[in-house]
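Coordinate inspection notes
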Amino acid sequence: MAMRTRSKNKTLEVLQKPYVHVDIQFYINENGDKIYTTKKESPLGLATQSAHPERSYKWAIKKYDNKIHPKHYLGPVFPVPYRFFSPPVFRKRVVSGVQPTGSIHLGNYFGAIKNWVALQNSYDTLFFIVDLHAITLSYDVQQLSKATRATAAIYLACGVDPSKASVFVQSHVRAHVELMWLLSSTTPIGWLNKMIQFKEKSRKAGDEEVGVALLTYPVLMASDILLYQSDFVPVGEDQKQHLELTRGLAERVNNLYGGRKWKKLGGRGGAIFKVPEPLIPPAGARIMSLTDGLSKMSKSAPSDQSRINILDPKDLIANKIKRCKTDSLPGLEFDNSERPECNNLLSIYQLISGKTKEEVVQECQNMNWGTFKVLLTDALIDHLQPIQVRYEEIMSDSGYLDEVLADGARKAADIADATLNNVYQAMGFLRRQ
């Protein structure tokens, strides 16, 4: 049934719904998500209170200058902010994380964390410290907890905002491990044997020193992603194979247990998991080693000289840049395959200074290495010092950090538990009462 009302020669039709009442409040939060309550859904939101649930009122809504005018309601009038009636904007979801092993360095910062700061403004984001992945190889038991807190503090110091993104510790959401086990039952062992990182690390360490976790951790990584119904996952070159396995597992589980099979068990049917897409970082964000321009800057590299850590003091940064590998050719240039260290150092300067490639070429092409290294050192110190100051502030306030991580884990668990319950149901488990 439709009702017409005239205002300034305009006709507006509004469908009358039998469960829409005048004494209601419904709204959309800052992320564009509906706030769910116990009442039935209305055309514009969800009822949070209703004085007369057995009655319905005819109404009309008039938008004028982006505001709602209560006088255009038919029946009892109540004021509601105009933004409550804005159409919902559902953000795509992005998840990512970094291991709390070793020191967070420039490669982690430009390859992941700095991009997160931009993503949190456009996506529904969950960023976590993947401490469960940190135990796939031998590790320092005494340092794991400290390193986890330090990594979380670096996230925040670099600009990740807990009011925009959920920041939490992977092991604080138990659903990660539960879903991993469920996914393991459907993961072909052949898929895992093909993983390049397992082959490389097991060859170096030897079979007697390698645990099963090194073979199966890609399934945990798939759990990390699929648990949150992720739309996108930021990936680098070395992670594309893992995302392909995740996508394959999502499609496999959907085919084996989703659709009508799930519906017959009382579920909603359809796909159990979203199949995530890769989110490729901006070009040039790959930072190479200071001692080998052909190798990626890495936490696991034996020499600390090979990387600039986010928390390195000024003197150490200056010393590392002074001693970093260069060449004897005149001038400085990008994209010369015979000068990988030159390209890497110029790329670091471009990223740390925020300048364009053309601006860096114009500024640096005629410099010698001595002059350029001073320029690069100063730029690194100027960029990292505010992060280091903020890091010390966060670490000195343990209550604040604990609160951020606990709140992030609660929000993450709400999403994760819903997914996990669906998987249990679709796979035929007895529902817990």
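Rules used throughout
- Residues numbered from 1 in each chain as written.
- Predicted model: local features only at pLDDT ≥ 70, side-chain atom pairs only at ≥ 80, totals over all residues.
- Heavy atoms only, no water.
- Helix = DSSP H or I, 4+ residues; strand = E, 2+ residues; numbered from the N terminus.
- Buried < 20%, exposed > 50% of the residue type's maximum accessible area, 1.4 Å probe, protein only.
- Contact = heavy atoms within 4.5 Å.
- Expected span 1.5 Å × (residues − 1).
- Bend = angle between axes of the 7 residues up to and from the residue.
- Pairing = 2+ DSSP bridges.
- Right-handed = clockwise from strand over helix to strand, strands pointing away.
- Patch = residues over 30% accessible without salt bridge, like charges linked within 9 Å, V, L, I, M, F, W, Y side chains within 5 Å.
- Areas by Shrake-Rupley, 256 points an atom, 1.4 Å probe, with all protein chains shown as cover.
- Salt bridge = Lys/Arg side-chain N within 4 Å of Asp/Glu carboxyl O.
- Disulfide = S-S within 2.5 Å.
- pLDDT = per-residue confidence, 0-100.
- Phe/Tyr/Trp six-rings, centres within 6.5 Å; stacked < 30°, edge-to-face > 60°.
- Lys NZ or Arg CZ within 6 Å of the ring centre and 35° of its normal.
- Core = buried A, V, L, I, M, F, W, Y, C linked by side-chain atoms within 4.5 Å.
- Polar contact = N/O pair within 3.5 Å; in protein donor to acceptor, adjacent residues only side chain to side chain.
- Axes fitted to C-alpha atoms, helices over the stretch in contact; angles between N-to-C directions.
- Parallel < 35°, antiparallel > 145°, perpendicular 65-115°, else oblique.
- Left-handed = near helix turned anticlockwise from the far one by under 90°.
- Nonpolar A, V, L, I, M, F, W, Y, C, P; charged D, E, K, R; others polar.

**Concerning the overall build of the protein chain**
Each helix and strand in the protein chain was counted, giving 13 helices and 11 strands. Burial status across the protein chain gives 43% buried among its 433 residues. Excluding contacts between residues fewer than 6 apart, the proportion of contacts in the protein chain whose partners are at least 24 apart in sequence is 69%.

**Focus on the environment of E358**
Structurally, the position occupied by E358 is in helix α11 (residues 357-364). Its relative accessible area of 61% is what places E358 among the exposed residues. Considered as a pair, E358 and F334 are 24 residues apart in the sequence and their alpha carbons are 10.0 Å apart.

**Brief notes about helix α6 (residues 212-226)**
The periodicity of an α-helix, 3.6 residues per turn, causes residues three or four positions apart to be oriented the same way. Counted at 1.5 Å a residue, the expected span for α6 with its 15 residues is 21 Å, and the 22 Å between its end C-alpha atoms agrees. Where α6 bends most, the angle comes to about 35°, and this point is P218. Counted residue by residue, α6 has 12 buried out of 15 residues, so it is predominantly covered. Burial in α6 covers these residues: L214, L215, T216, Y217, P218, V219, L220, A222, S223, D224, I225 and L226.

**Re the pairing of strand β9 (residues 165-169)**
Regular strands have side chains that alternate between both faces of the sheet. Along β9, 5 of the 5 residues are buried, which leaves the element largely enclosed by surrounding structure. Of the two faces of β9, both are covered, the one formed by A165, V167 and V169 as well as the one formed by S166 and F168. As paired strands, strand β8 (residues 124-129) and β9 are joined by 5 bridges and run parallel to one another. Looking at β9, one finds that F127 is bridged to V167.

**Some points on the pairing of β8**
Of all 6 residues in β8, 6 are buried, a share of seventy percent or more. Note that strand β7 (residues 93-98) and β8 share 6 bridges and pair parallel. Among the inter-strand pairings, G97 is bridged to a residue of β8, identified as F128. You can see the chain leave β7, run along helix α1 (residues 106-119) and come back into β8, and the turn it takes is right-handed. Handedness of the β8-helix α2 (residues 141-157)-β9 crossover: right-handed.

**Regarding a nonpolar patch on the surface**
A cluster of nonpolar side chains, I135, Y139 and V141, forms an exposed patch at the surface whose accessible area comes to about 270 Å². The residue V141 is located in helix α2 in this model.

**Comments concerning the state of the cysteines**
Enumeration according to the criterion identifies 0 disulfides in this entry. Here C364 stays unpaired: no disulfide links it, and the sulfur of C342, its closest cysteine neighbor, is 9.5 Å away.

**Focus on the confidence of the model for the protein chain**
Per-chain confidence: the protein chain averages 80 in pLDDT, with 75% of residues scoring 70 or above. Scored below 50 in pLDDT, residues 1-29 makes 85 contacts in the model with residues more than four places away or belonging to other chains. The model gives residues 33-87 a pLDDT under 50, and that stretch makes 115 contacts with residues more than four places away or in other chains.

**Remarks on the packing of aromatic side chains**
Counting across every chain of the model gives 10 aromatic pairs. Stacked on the ring of W191, the Lys or Arg R252 has its end atom at 5.8 Å from the ring centre. One residue, K357, lies across the ring of F334, its end atom 5.1 Å from the ring centre.

**Quick word on the nonpolar core**
Residues L106, W116, Y155 and F372 are the most contacted members of the largest nonpolar core, which totals 57 residues. The element contributing the most residues to this core is helix α12 (residues 369-396), with 10 residues. When sequence neighbours within four positions are dropped, the list of residues in contact with L106 reads G111, I287, M297, I308, I310, I348, I352, L380 and L384. If you look at the next biggest cluster of nonpolar residues, it comprises 38 residues, including M180, L249, F273 and A413.

**Digging into the pattern of salt bridges**
This model, assessed by the stated rule, comprises 16 salt bridges. Across the salt bridge formed by R410 and D407, the nearest N and O atoms sit 3.6 Å from each other. Of this pair, R410 and D407 are both found in helix α13 (residues 398-426), 3 residues apart, which corresponds to roughly one turn of the helix. With relative accessibility at 51%, the residue R410 sits in the exposed group. Assessed through its relative accessible area of 29%, D407 is described here as partly exposed.

**Quick notes on α2**
Over its 17 residues, α2 extends 25 Å from the first C-alpha to the last, a length consistent with the 24 Å expected when each residue adds 1.5 Å. Those residues of α2 not exposed but buried are A147, T148, A150, T151, A152, A153, I154, Y155, L156 and A157. On its buried side, α2 packs onto β7, α1, β8, β9, α12 and α13. The distance from a side-chain oxygen at the start of α2 to the backbone nitrogen of Q142 is 3.0 Å, and the residue carrying that oxygen is D140.

**Concerning the packing of α2 against α12**
Between two packed helices, what matters for the description is the angle formed by their axes and the separation of those axes. For the pair α2 and α12, the least separation of the axes is 9 Å and the interaxial angle reads 130°. With respect to each other, α2 and α12 are oriented oblique. For α2 against α12, the interelement crossing comes out right-handed. Side by side, α2 and α12 meet where R149, A150, A153, I154, L156 and A157 of the first sit next to I387, R390, Y391, I394 and M395 of the second. Here the residues of the contact of α2 with α12 sort into 9 nonpolar, no polar and 2 charged.

**Here we look at unusual backbone geometry**
Positive phi values are uncommon outside glycine, yet Q229 reaches one of about 50°. With respect to the element layout, Q229 can be found in the loop between α6 and β10 (232-234). Of the residues examined, Q229 reaches a relative accessible area of 16% and is grouped as buried. Residue D335 is not a glycine yet carries a positive backbone phi of 60°. By relative accessible area, which is 56% here, D335 ends up exposed.

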